[in-house]
Amino acid sequence: MMDLTVIWAAIIAIAVAAYVLMDGFDLGIGILFPKFRVGRERDAAMNAIAPVWDGNETWLVMGGGGLLAAFPLAYSIVLPALYAPLIAMLLALVFRGVAFEFRWRDPNHRRFWDFAFFAGSLVATFAQGITLGALLQGIEVHDRAYSGGWWDWLSGFSLLTGVSLVIGYALLGAGWLIWKTEGPLQADARRFARPLVPALVVAIAAVSLSTPFLEMQYWQRWFVWPGLIVAVPMPLLIAFVAFMLWRSIGRAPDSHPFLWTLGLFALSMAGLAISIWPWVIPGRVSIWDAAAPHSSQVFMLIGAGVLIPVILAYTAWAYWVFRGKVGDDGYHAHGDH
Amino acid sequence: MAEGETALILARAQFAFTVSFHFIFPAFSIGLASYLAVLEGLWLKTGKDHYLDLFRYWMKIFAVAFAMGVVSGIVMSYQFGTNWSVFSDKAGPVIGPLMAYEVLTAFFLEAGFLGVMLFGMKKVGRGLHFTATCAVALGTFISAFWILSVNSWMQTPTGHTLNDVGQFVPAAGWADIIFNPSFPYRLVHTVIAAYLTTALAVGGVGAWHLLRGDRGPQVRTMFSMAMWMAALVAPIQIFAGDLHGLNTLEHQPVKVMAMEGHYQSHPDGAPLILFGIPDSKAETVHAAIEIPKLSSLILKHDLDAPLAGLDTVAKADRPPVGIIFWSFRIMVGIGFLMLTLGLWSLLGRVTGRLYEWRWLHRFALVMGPSGFVAVIAGWVTTEVGRQPWVIQGLLRTSDAVSPLASPAVGASLVAFVIVYFTCFTVGTLYILKLAGKAPGPREGAPERAPIRSAGITPAQAVQEGE
């Protein structure tokens with residue numbers, strides 16, 4: 001029998017992964033933004049994401065809304081537990097979201113909005129990383145509600161995951177720019193990508209090595225047979241992808257640094273999935289504890305089954321329309337000044 | 001005040017603040033997206049350039065408004081969990097799927113085609129671009145459909161049952177939940193409100209430029225289209241609002257009692273209180289100006305029909321009367337002013353003075369932002385009118401809140417206020433700046449179309465250099 005709860009866990013996981021990969025590169029460009037030269041470089045960097053950022057961010061709403069719909073108990077425990085980082089993320093996203101439009105509207109205050117774009121991207125990313133770490137390290141639950149304190153999310157581990165995600169998104173952003181731009185901006189992006197590759201490998205190693213010490217569950221998952229089947233080759237795979245990524249910077253085709261970075265993200269997320277499964281709040285609430293009733297799952301699955309392929313099709317089409325390098329002329333057809 | 005009570009009040013203030021701010025932008029972008037689709041359609045059909053000029057002109061404003069709507073909307077999808085976790089847990093199985101459908105059918109549609117609509121004019125053919133514009137407009141409407149279904153279910157819940165952990169779960173079919181009793185009325189009333197709000201904003205901008213002596217075809221077309229909307233749609237809206245009110249009387253009579261200021265029951269014909277000062281302590285409306293028996297006539301279509309008052313409702317189950325009494329009157333008052341504007345514009349049209357009648361233009365200018373006020377007032381009426389319930393009759397607001405400490409909620413409320421006022425005030429100023437320039441024929445001229453963003457030319461780059 002097909003277990004709809006498992007299918008829904010997979011759909012939510014895919015939505016979160018889609019969000020991380022898609023909004024990751026435009027948040028990353030925001031993180032790198034102050035490093036680009038004022039003027040055409042910044043404009044081109046912005047134009048490389050202007051037509052797609054809104055769609056990318058919709059996956060975040062899908063993750064939040066989907067969690068509420070499919071796992072309402074998890075939604076109602078996790079969100080209060082991560083109150084501070086989530087509110088910080090939302091406010092940061094407000095700042096960087098409006099900056100996309102505002103920097104073109106008001107050249108006199110463009111520096112302020114460029115800063116808002118950078119700071120918003122950085123804070124949002126850092127907060128997302130903290131959220132991940134806080135979830136992994138565990139959340140206190142009592143009687144269907146969060147029962148911990150207001151600073152439980154803050155720990156050395158959650159700060160580590162926060163920093164790691166900033167590095168990861170920055171590398172995704174650099175990879176996207178290598179792919180989508182040319183000339184000095186592309187050269188700059190290559191220059192930024194170089195140190196980020198070893199930094200990300202170190203970050204992945206640090207998070208991977210600390211995770212098993214957070215909960216016995218993780219330790220057993222990874223270091224007791226059959227977990228060793230994955231645990232042993234995983235570092236080798238990461239090392240291989242990181243090497244290929246390093247090699248691809250600076251040589252054609254320009255798409256490869258971005259794609260290899262996606263590979264690193266995919267491996268990391270697979271590792272996370274192995275650690276967490278089948279819990280939605282590690283050690284406390286399993287996906288079956290948190291699942292919405294069968295009728296809710298069925299009703300949504302009909303829609304998701306039909307609509308997600310359609311969404312992927314027109315999203316791919318929108319990316320296809322804006323394929324190729326970002327020219328000097330810019331897509332932004334409405335800067336009237 | 002008890003700790004929990006302070007946190008509750010702060011959480012309510014935060015939700016009221018974020019949702020009211022958010023609501024302004026969709027109210028504008030639902031109408032504006034459709035307006036843009038109509039403009040582009042007219043341009044494709046007639047080939048007249050001033051339609052394209054207007055399309056480009058309003059698209060710039062749409063882009064700014066839409067960005068603010070998106071970011072304030074993302075906040076909403078997380079506020080349910082951060083501040084109202086008990087509500088999320090209990091109502092999630094019913095409202096969650098509806099919101100998931102909103103994301104799947106509306107948000108992705110809007111976001112997916114918005115990029116092509118804003119930036120793809122030269123990348124895709126005219127037909128495809130028009131399709132993208134229509135997709136965005138359709139997305140805004142579908143979004144309204146789902147979220148108003150959710151809100152209506154909270155007002156008039158049907159089709160649910162309780163499971164053994166106290167969650168509301170679907171009882172039978174989803175149609176009973178989606179098409180709950182107040183939903184059709186709320187959907188019609190709210191979507192028309194969005195169209196009217198946009199029409200009045202467009203009309204106000206047109207009037208501004210007419211007053212400044214610009215009578216080009218772009219300005220005249222924009223003003224004329226807006227005034228047709230006011231003349232035709234304002235009466236429809238008043239009619240739809242009346243039906244919505246009757247529906248509320250049937251399903252949420254207490255809300256209507258508060259709207260009407262009826263503290264006492266009226267066994268033989270209730271008066272319509274036009275104005276007055278409601279006093280919930282004394283349970284009376286001071287200095288009331290009232291028309292005898294008119295309320296019974298409107299609500300029951302019978303002068304002598306009895307109407308129950310708040311004296312039939314336990315005090316703990318009453319909404320705060322003062323806010324609702326006034327927000328309702330503000331909404332209705334503006335509705336009739338809109339009707340006046342529509343009729344006046346018809347008179348101007350008949351006498352051939354539509355583009356010359358300065359007092360008409362001044363009135364239209366003043367009415368420009370009125371739709372936003374009416375929309376917020378209406379929202380306050382229906383939401384505060386549901387109190388003390390978050391799900392009418394089933395779950396109290398005070399039982400729905402997250403286990404929050406007031407410093408956390410208070411600090412985040414302050415942060416929301418600061419960020420929203422900074423970003424959205426500035427955004428509104430940018431919109432006003434854009435609207436302050438007259439739409440000219442240059443708007444659509446090819447050499448101006450992909451306007452080089454500042455900083456592209458070396459001179460500007462130098463100017464901007466650090």
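Residues numbered from 1 in each chain as written. Chains lettered and ligands numbered in written order. Predicted model: local features only at pLDDT ≥ 70, side-chain atom pairs only at ≥ 80, totals over all residues.

A. Looking closely at the overall build of chain A. Tallying secondary structure elements over chain A gives 14 helices and 4 strands in all. Taking 20 Å as the expected radius of gyration for a compact globule of 337 residues, we find that chain A reaches 20 Å, a close match to that expectation. Each principal axis of the C-alpha distribution contributes one length, and for chain A these read about 60 × 40 × 40 Å. Classification of the 337 residues of chain A by burial places 56% in the buried group. The contacts in chain A between residues at least 6 apart in sequence include a share of 78% that link residues at least 24 apart. (Helix = DSSP H or I, 4+ residues; strand = E, 2+ residues; numbered from the N terminus. Rg over C-alpha atoms; globule rule 2.2 N^0.38 Å. Buried ≥ 20, exposed ≤ 12 C-beta atoms within 10 Å, placed from the backbone. Contact = placed C-beta atoms within 7 Å.)

B. Highlighting the environment of D279(B). Residues and elements named next belong to chain B. Position of D279 relative to the elements: it lies in strand 3 (residues 272–279). The partly exposed category is assigned to D279, around which 14 C-beta atoms lie within 10 Å. Separated by 43 residues in the primary sequence, D279 and G322 have C-alpha atoms spaced 7.3 Å apart. If we ignore the near neighbours within four places in the chain, the residues touching D279 are T284 and H286.

C. Layout of the confidence of the model for chain A. This prediction gives chain A a mean pLDDT of 88; 96% of its residues lie at or above 70. Long-range and interchain partners of residues 329–337 of chain A, a stretch whose pLDDT sits below 50, account for 35 contacts in this model, where long-range means more than four residues apart. (pLDDT = per-residue confidence, 0-100.)

D. Expanded view of the domain arrangement of chain A. Residues and elements named next belong to chain A. Partitioning chain A into domains gives domain 1 (8–291) and domain 2 (293–322). Tallying the contact residues gives 8 residues for domain 1 and 8 residues for domain 2. Where the side of domain 1 that touches domain 2 is concerned, the elements lending two or more residues are helix 1 (4–32) and helix 3 (53–70). Among the elements that line the side of domain 1 that touches domain 2, the one with the most residues is helix 3, at 3 residues. Taken together, the residues of the side of domain 1 that touches domain 2 break down into 7 nonpolar, 1 polar and no charged. (Domains from an automatic or database assignment. Nonpolar A, V, L, I, M, F, W, Y, C, P; charged D, E, K, R; others polar.)

E. Layout of the environment of L177(A). Residue and element names in this part refer to chain A. Locating L177 in the fold gives a position in helix 7 (residues 156–180). Taking the number of C-beta atoms within 10 Å as the measure of exposure, L177 has 31 and is therefore buried. Separated by 12 residues in the primary sequence, L177 and A189 place their C-alpha atoms 6.2 Å from one another. Aside from chain neighbours lying at most four places away, what touches L177 is I29, A45, A48, L185, Q186 and A189.

F. Summary view of the interface of chain B and chain A. In this complex, chain B contributes 70 residues to the contact, which on the side of chain A involves 72 residues. Considering every element that reaches the side of chain B that touches chain A, the biggest residue donor is helix 3 (residues 85–119) of chain B, with 22 residues. Of the residues in the side of chain B that touches chain A, the class split is 45 nonpolar, 19 polar and 6 charged.

G. Structural view of the pairing of strand 3 of chain B. Residue and element names in this part refer to chain B. Relative to strand 4 (residues 284–291), strand 3 is paired through 6 bridges, and the arrangement is antiparallel. Across the sheet, the residue bridging to F275 is I289, located in strand 4. Hairpin connection from strand 3 to strand 4: 4 residues lie between these consecutive antiparallel strands, with E283 at a positive phi of about 55°. (Pairing = 2+ DSSP bridges.)

H. The packing of helix 1 of chain A against helix 14 (residues 294–321) of chain A, seen in detail. Residue and element names in this part refer to chain A. Put simply, helix 1 and helix 14 touch, their axes get as near as 10 Å, and they point 50° apart. Comparing their axes, helix 14 and helix 1 come out oblique. Pair helix 1 / helix 14 crosses with left-handed handedness. Residues L4, I7, W8 and I11 of helix 1 form the contact with helix 14, whose participating residues are H294, Q297, V298, L301 and A304. (Axes fitted to C-alpha atoms, helices over the stretch in contact; angles between N-to-C directions. Parallel < 35°, antiparallel > 145°, perpendicular 65-115°, else oblique. Left-handed = near helix turned anticlockwise from the far one by under 90°.)

I. Highlighting the UniProt feature "transmembrane region" (unreviewed entry) in chain A. Residues and elements named next belong to chain A. Here, UniProt's "transmembrane region" (unreviewed entry) annotation points to residues 6–33, 81–100, 112–136, 156–179, 191–210, 222–246, 258–279 and 299–322. Segment residues 6–33 splits into 96% helix and 0% strand. End C-alpha atoms: 40 Å apart. Split by type, residues 299–322 is 96% helix and 0% strand. Its first and last C-alpha atoms lie 35 Å apart. (UniProt positions renumbered as here; feature names shortened; annotations may be inferred.)

J. Representation of the confidence of the model for chain B. All names here are of chain B. Across chain B, pLDDT averages 88, with 94% of residues at or above 70. Under a pLDDT of 50 for its full length, residues 444–466 has, in the predicted model, 43 contacts with residues more than four places off or in other chains. Confidence metrics for the complex model read pTM 0.89 and ipTM 0.86.

K. Here's a closer look at unusual backbone geometry. Cis geometry is found at the peptide bond from A252(A) to P253(A), where omega equals -10°. As for its position among the elements, P253(A) is in the loop between helix 11 (233–248) and helix 12 (256–276). That bond from W277(A) to P278(A) is cis: its omega, -5°, falls within 30 degrees of zero. Mapped onto the elements of the fold, P278(A) is located in the loop between helix 12 and strand 3 (279–281). Phi at A287(B) is positive, roughly 50°, even though this residue is not glycine. Its location among the elements puts A287(B) in strand 4. Although it is not a glycine, H301(B) adopts a positive phi angle of roughly 55°. Structurally, the position occupied by H301(B) is in the loop between helix 9 (294–300) and helix 10 (321–350). A tally of 9 C-beta atoms within 10 Å means that H301(B) is categorised as exposed.

L. Broad picture of the environment of K48(B). All names here are of chain B. Of note, K48 is situated in the loop between helix 1 (3–46) and helix 2 (49–83). Look at K48 and you get exposed, because 12 C-beta atoms sit within 10 Å. Expressed as a C-alpha distance, the spacing of K48 and V71, which sit 23 residues apart in the sequence, is 35 Å.

M. Structural context of the packing of helix 4 (residues 72–81) of chain A against helix 3 of chain B. Taken N-terminus to C-terminus, the directions of helix 4 of chain A and helix 3 of chain B make an angle of 145°; their axes are 8 Å apart at the nearest point. You can see that helix 4 of chain A and helix 3 of chain B cross each other, and the crossing is right-handed. Of helix 3 of chain B, the residues touching helix 4 of chain A (which contributes P72(A), L73(A), Y75(A), S76(A), L79(A) and P80(A)) are S85(B), V86(B), S88(B), D89(B), G92(B), P93(B) and G96(B). Looking at the contact of helix 4 of chain A with helix 3 of chain B, its residues break down into 7 nonpolar, 5 polar and 1 charged.

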